[in-house]
Structures are given as C-alpha cells and as structure tokens.
There are 2 protein chains.
Amino acid sequence: MRIEAVDIFYLAVPQLRDIGDGSQDMALVRVRAGGHTGWGECEASPLPTIAALVTPPSHSACHGVLDSVLGERLDDVADIGRLARRVAERGLDLLQTPHAWSGVEIALWDLLGRARGVAVWQLLGVAQPQPRRPYASQLFGDDPQQTHDKAVQVVAAGFTAAKFGWGPYGTGSVEADAEQVAAARAGLGDEVDLLVDAGTVWGEDIEAAAARLPALERAGVVWLEEPFVAGALAAHAELARRCRGVRLAGGEGAHNTHLARQLIDHGGVGFIQIDTGRMGGIGPAAAVAGYAAGRGVTFVNHTFTSHLALVASLLPYAGQPGGRLCEYPVESSPLARGLTRDHLEPGDDGLIRLPEGPGLGLDLDLDAVSPYLQEVEIVLNGQTLYRTPELVP
Amino acid sequence: MRIEAVDIFYLAVPQLRDIGDGSQDMALVRVRAGGHTGWGECEASPLPTIAALVTPPSHSACHGVLDSVLGERLDDVADIGRLARRVAERGLDLLQTPHAWSGVEIALWDLLGRARGVAVWQLLGVAQPQPRRPYASQLFGDDPQQTHDKAVQVVAAGFTAAKFGWGPYGTGSVEADAEQVAAARAGLGDEVDLLVDAGTVWGEDIEAAAARLPALERAGVVWLEEPFVAGALAAHAELARRCRGVRLAGGEGAHNTHLARQLIDHGGVGFIQIDTGRMGGIGPAAAVAGYAAGRGVTFVNHTFTSHLALVASLLPYAGQPGGRLCEYPVESSPLARGLTRDHLEPGDDGLIRLPEGPGLGLDLDLDAVSPYLQEVEIVLNGQTLYRTPELVP
C-alpha cells in the first residue's frame, strides 16, 4: 500500500475552561492507504500540530511531517519504524514534530491492523494482552471536602485505585496539601490505592516537594507523579532518595524515548508514564516499556482524553505482567467520551481489557463529535495549505 | 511599560534547497512596549511557530505564547525571567513553545536595552564583553576537492578556525569521511583549528561514530559535533570515553536548560553549544553558560542565520574568558545577511566584538528583506487569528 492521504481535525468543546483537563480539545488524525482507513489522536495543541504537518520545509532537517509520509509505502510493521526514523531525521529542528507524528503513527498501526484483519496487539507480537487495573484519574477538588466526595464516588463506582492531581495541590501551603491528601485517603478508605499527581508544580524546587512527603507517606500514597518538570533529573533523583514508601512517577512530558530513558537512568523514578500521543506513538512507547522492564521500573500508560487514545496508550505494555495499574480518565469531556461508540469498561473483576477487533478495535462515532469540529484555514501566499477536511469515515 | 504588541514575520528565500542551511527562512519577532520596539529571531520552523504564538488554549498547561505575554509588565530584567516561567508553565504541553518564545525573549532584551539606552550585555551585568575568535561555519563540499577549496578560501579570508559539517559526511563509508576530513585539514594548513559537525547522522550508533575517530584524531580535530541526537546521553558518554585528543560538542538541539545540563552531566561533552533562538532566549542560555563554567565544559554559541541571531547567541557568554571560539556563519542566505545593516566583522586581530549600541545594537534593514516576506493567514471559525503584519520598524 501507499499512504494516500493524512488528514487532521481540530475539535474542541465550546466553553473551554482554564483547568488541567486535557480532554477539552482534540487533534484527530485520519490516514488512508490501499482502500483502508486508520485513526489516531495526538495529545497536542491542535493548531501548531496542524501547522507542523503541513508547513513547507525550512531546510533538510526541518520538514513538515506530511512531506515525509505522503506517498510512502506501508506494507509491514517495519514500515512504521522506517517512517518514524524518516520523520525524526527530516523533522529534527521542528520541535512540534513528535507531537504531530504521534497521531499519524497510531493511525498507521490502526490502518495496518484493519488491512490485515488483526488487532494491533497482534501486530506487536503479543499472544494474549494482559488485563489492567484501572485507576480513576481525576483532578483534586477545590477543597478537601470536594476531594473527599470525589473519592467516595470512585469507590462507589468500583475502582480499586484512584489518582488526584493538579487543581490547588502544591500551590498553597504544606498543610493545605496535607489536608487534601488526607481527605482523599479518608474518602477512598484503606483498601483503595491512592496516587497523587503534582503536575510539575514545584518546577525543580526539591525542598518544596520534600515538604509534602510526610503527608504522602502517612496516607500510604503509591506514587507521587511529576513533582518536577520532566528534564529536572537531578531534582527527581534527590527527591527519590528522600522517599520511604512513596515512589516517584513521571514521563508524560517525554516526547522521545531518550527523555523517558533519562528519567529511568538518572531520575530515580519507580514508574514511567508514557503518552503514546506525545512520544511518537506506539512503537517508541513499546521500546520504553521494554527498557523499563530491564531496569526494575514499572511502565504505566499516560492518557487523559478519548478511549481511542486510551487503547493506544495501553498497547505498548500489553504483553507485560497482568494486574498492573493503568490510567483511566473518569472526568472526560463529552467530546472525548463521544469519539468512540465502544468504551473499555471495567469487567466484573474490575479490570479492563484491550478490544479484540482489528486495528485499535474501536468504532468511531463521527456524527457525535462533528458539532465540535473547528473550521481552520491556513493560507500561504494565496495558496491554501490546510482547510478542515470533511469529517467522514 | 506594558507589552502592547508581539508580531511575527515569516520570511523565506524563493528557491529553498534541501540542504543543511538553516538561513533559508526566518521567524522574525517584533515586540512593542512603552513606545519602544525590540526585535528577535526564533531559530525555528516559522509556520508552527506562528501557530504556537496565536493558538487558542487547550487547557491550563497548554496556552499559546501570546496569551501569556500580551499586556504583561516589562520594567526590569527580572520581568523577562518572570515571563519565561509564566510561558513555560502555561505552555508546558505545547511542544513548540520554547522555539516560539525564544524570539520573543530576545526581542524583550533588545527592547529593554533600547528603552534604557544600554546594551543588552550591560543589562546582563557584563562590565566588558570579551572578544571571540570566529570559526568559519560551513557545509562540507560534495567531494573532498570542494571541501579543500572551501578550506583554502576561509584561510584566505583570515579565519583561524573553520568548521565543516553535514553534506555527505557520515552518510557514506568511513574512508570517504576520512578523505573529507583530510581534505579539510590540507586546505586549512596546520595552523588553523578544524572542527567537524556530524549533524546527528549516526543517531545513537556508537560504533559508526567511533569508526570515524582515527581520521579525526589524525587531523587534530578540536571537536566532533553532534555525532548523535541530543538525547542519546549514554552514546555520547561512551564515545567521549573513546576519544583521545578530540572532544565532543553538542547542545544545539537543547530547547531548555535541562537538556543542556544533561549533556554536560551525563553526555561527556567538552563543548556545550547553545542556540538562544531555540532554548528560550538569552536568559536560560546564560544560565547554561554559568553551569558549564562550573563543570569544566566550554560554552560556545550555536547560530547559523542572521547577525541579529549571532549577537543574541554571543550574549550568554559575553563575560566569560576572552579568545574563546564562536560560531560565525560564512554561507548565509541573502535574507539572513540582508536583515541587518551592521555586521560583526572580524577586526584586525581576527576577533569579533559585540556592538556597543543600545539593545542588541544592530540596525535592521527591513526594506532589504521585505521581498522575502511570506503572506500568511490563519482563520479559525471565520475569525482571523493571524495575518502577516506590515514589516515596518
């Protein structure tokens, strides 16, 4: 097959709120080749991502993504890796490249699976994908009472693990943060795993983060996520040395395998969290999963948007030991929720499983999300470089 | 002062060639505040950079750059640092942010210097900026003879150091590369410093790079630049261990201080090369210069476009010991060359010096580059988000 078309769609909810909810807009990618269609999602700012796909080149190491993809062959899994290298080399100096390529890469896996009538996990050589224990991923409440109520809700919904993050956490006093964490623990009870996400709030301020550790240790928190920005390796390593039971988690900001490996090699993280919609798709994320496994670090997915993105995020560690946690958004926007007809609902055992169907195994509901479609046009010297395509299967 | 306007211009030469020459287009930034104007240049793909400036937000950690800058106060040097943190936090998940912010940051320094009637090096607390020894930075010839002729030319032009990079180097056999390096050395003679830039050609293939070391050692090469992609720390460190006289150089791909520090801490580089047009401007680059100095690593600028970018790239180490090398493009496009009326020409001693005038100290020739202006329009739901502004002082 040859890659005939790559289209990208910018969707957004009408009243976007200035909160840490990444499901409020979407950069959705459709690829066509050999009469087949595949879909993927970039976890990325849509407009710069569109521009990174369609821009004219600046020089030999600064090409738009489409320039390196359109017309290329896609016959085998190896072609996806070859295209990934081609895009990385020719897009080296275009910083947005990995975010833009991620959705394309995922769509190529979806397409190849559909063309062959097999699931992507089969293409990845996984005999039997392992079930995952979903943790309810949500924002902290505005105050401890709200957080407590949210915790009670997710327990009632059957979750055995829950993560609270962002919101006021880390922005006020050490005591206020301790109250938030205690409220979450009280609401969850003693049996449910509690995870805390600081959303890089302390930059690289080790003491600010360390001051929160006693409350996290008291509440038996499994991991403290993103205390610092992803590149602050020395700060991560020093904080990790000060932890007793709590372990550090991070990696969602990694937009290539090197950044993820550095957190593992030099950051002292216990959990490496990869978003396939940012780090260049399923292939490089699977490489990180393998790298982590060899170093005693637990790979977990990062995702916060649609179930299309959720499936893509689960694939890189589909063959790794079962029962492990996975991120599972519970406060997604109607846009993110509406994108797929099928959803990965926890089974009677509380675990979620990858779909069996071809490709990513999900049926999209384009009619449901078409009201969110944004009409974009980019014109360069009188020539239309991009105009929102028709959102059809 | 309040920041009243930030405008960006996409300029490009008409016949862009698919070679490693980053001077063929330009993302030029103009900032206005308090009746003053400052200019800066992003070393970045212009169209995604424009989009990263003007895009609507996706969520609280994914804002367009202008959203975090327009209307903000600019009274002091500290405001530039404050804005840098604000942009980084609110643009955390927009990958293109550092490239887009870089030109704005540089323009803010230029503006603040002009408003106060002092040079930016004075704002940086440098009493007397040190002269630099320019190395002629150019591409390898298509064959050894061409490279030899280029070397002869730069010696005739008075340069005491020259760098050859990209082109065929690293793409063919070890022997072919050895011939290129030997031709460069023969053309330069024994007295001129020779630097070699591999342009990340070996990805992270240590053996491919190591196979080139004997020829580089024979030719007395000062540094081998970017044998690998910036994130491949372990590969850098291992290659550094195998070097005898040659040292490794890298860092132009670093889009934040963390990535640069990692190359210093874990990559074994002897020279750290920072492009202020990519890593978030002059402020963070100066921080890296200080960090490097404390660790026995030599900071040098990376730049390949206009003399506006050249001046910005020299400022972060303006106060560090004199005589040190600096990158000096000798094959720039008429666009890059034409942007400024003034140029930093080597003096009788062969050294270049920062301008004394206020701000960046350069006078732009907008008429000269206006033929290169690209007309861009970005429309979102019928509303114009961006249209190429008038290119006036």
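Residues numbered from 1 in each chain as written. Chains lettered and ligands numbered in written order. Predicted model: local features only at pLDDT ≥ 70, side-chain atom pairs only at ≥ 80, totals over all residues.

Peer 1: Is there a simple way to think about unusual backbone geometry in this case?
Peer 2: Residues apart from glycine generally show negative phi values, whereas peptide bonds are mostly found in trans. Residue and element names in this part refer to chain A. Not every positive phi belongs to a glycine, and W166 is a case in point at roughly 55°. Judged by the 22 C-beta atoms lying within 10 Å of it, W166 is buried. A positive phi angle, close to 45°, is found at E226, a residue other than glycine. Along the polypeptide, E226 turns up in the loop between β7 (223-225) and α10 (233-242). (Buried ≥ 20, exposed ≤ 12 C-beta atoms within 10 Å, placed from the backbone. Helix = DSSP H or I, 4+ residues; strand = E, 2+ residues; numbered from the N terminus.)

Peer 1: Explain the relation of the copies chain A and chain B here, please?
Peer 2: The pair of chain copies shares a relation made of a rotation about an axis and a shift along it. Each copy of the sequence occupies a distinct position, and chain A is placed on chain B by a rotation of 180° and an axial shift of 0.0 Å, giving an RMSD of 0.0 Å. What we have between these two chains is a two-fold relation. (Least-squares fit on C-alpha atoms with pLDDT ≥ 70 in both.)

Peer 1: How should the domain arrangement of chain A be read in this particular structure?
Peer 2: In many reports, interface size means the accessible area that the parts give up when they come together. Residues and elements named next belong to chain A. Assigned domains within chain A: domain 1 (3-122 + 365-387) and domain 2 (127-338). Spacing between the C-alpha centres of domain 1 and domain 2 amounts to 26 Å. Contact with domain 1, which involves 32 residues of that partner, is made by 31 residues of domain 2. Looking at the side of domain 1 that touches domain 2, the elements with two or more residues in it are β3 (36-42), α3 (77-90), α4 (97-116), α5 (120-123) and α15 (366-369). For the side of domain 1 that touches domain 2, the leading source of residues is α4, giving 8 residues. The residue makeup of the side of domain 1 that touches domain 2, split by class, is 18 nonpolar, 9 polar and 5 charged. (Domains from an automatic or database assignment. Contact = placed C-beta atoms within 7 Å. Nonpolar A, V, L, I, M, F, W, Y, C, P; charged D, E, K, R; others polar.)

Peer 1: Can you help me understand helix α7 (residues 174-188) of chain A in this one?
Peer 2: Structurally, the α-helix is built with 3.6 residues per turn, so residues lying three or four positions apart point the same way. Residue and element names in this part refer to chain A. Here α7 spans 21 Å end to end across 15 residues, near enough to the 21 Å set by a 1.5 Å rise per residue. Taken together, the buried positions of α7 are D177, Q180, V181, A183, A184, R185, G187 and L188. On its buried face, α7 sits against α6 (144-156), β5 (161-165), β6 (193-197) and α9 (213-218). (Expected span 1.5 Å × (residues − 1).)

Peer 1: Before we go on, may I ask you to explain the interface of chain A and chain B in this structure?
Peer 2: Tallying the contact residues gives 46 residues for chain A and 46 residues for chain B. For the side of chain A that touches chain B, the elements supplying multiple residues, two or more each, are α1 (46-54), α4, α11 (257-266) and β12 (376-380) of chain A. When residues of the side of chain A that touches chain B are assigned to their parent elements, the largest contribution, 5 residues, is made by β12(A). By residue class, the composition of the side of chain A that touches chain B is 22 nonpolar, 19 polar and 5 charged.

Peer 1: Just to check I follow, could you spell out the packing of α6(A) against α7(A) for this structure?
Peer 2: Packed helices, taken two at a time, are described by the angle their axes make and the gap between the axes. Residue and element names in this part refer to chain A. It is at 7 Å that the axes of α6 and α7 come closest, and there the two elements cross at 30°. As judged from the angle between their axes, α6 and α7 are roughly parallel. Between α6 and α7 lies a crossing of right-handed hand. Contact with α6, carried on its side by P144, Q145, T147, H148, D149, A151, V152 and V155, involves E179, Q180, A183, A184, A186, G187 and L188 of α7 and no other residues of that element. (Axes fitted to C-alpha atoms, helices over the stretch in contact; angles between N-to-C directions. Parallel < 35°, antiparallel > 145°, perpendicular 65-115°, else oblique. Left-handed = near helix turned anticlockwise from the far one by under 90°.)

Peer 1: Explanation requested: the sheet that holds strand β10 (residues 298-301) of chain B in the structure shown.
Peer 2: In any sheet, the strands associate via hydrogen bonds between backbone groups, in a parallel or an antiparallel arrangement. Residue and element names in this part refer to chain B. Reading across the sheet, the 8 strands line up as β10-β9-β8-β7-β6-β5-β4-β11 and stay open at both edges, with parallel pairing between neighbours. Single-partner strands in this sheet number two, and they are β10 and β11 (325-329). Adjacent strand axes in the sheet meet at a mean angle of 30°, parallel and antiparallel pairs treated alike. In this sheet, strand β9 (residues 271-274) lies alongside strand β8 (residues 247-250) in parallel orientation, the contact comprising 2 bridges. In the sheet register, G250 faces β9, and the bridge partner there is I272. (Pairing = 2+ DSSP bridges.)

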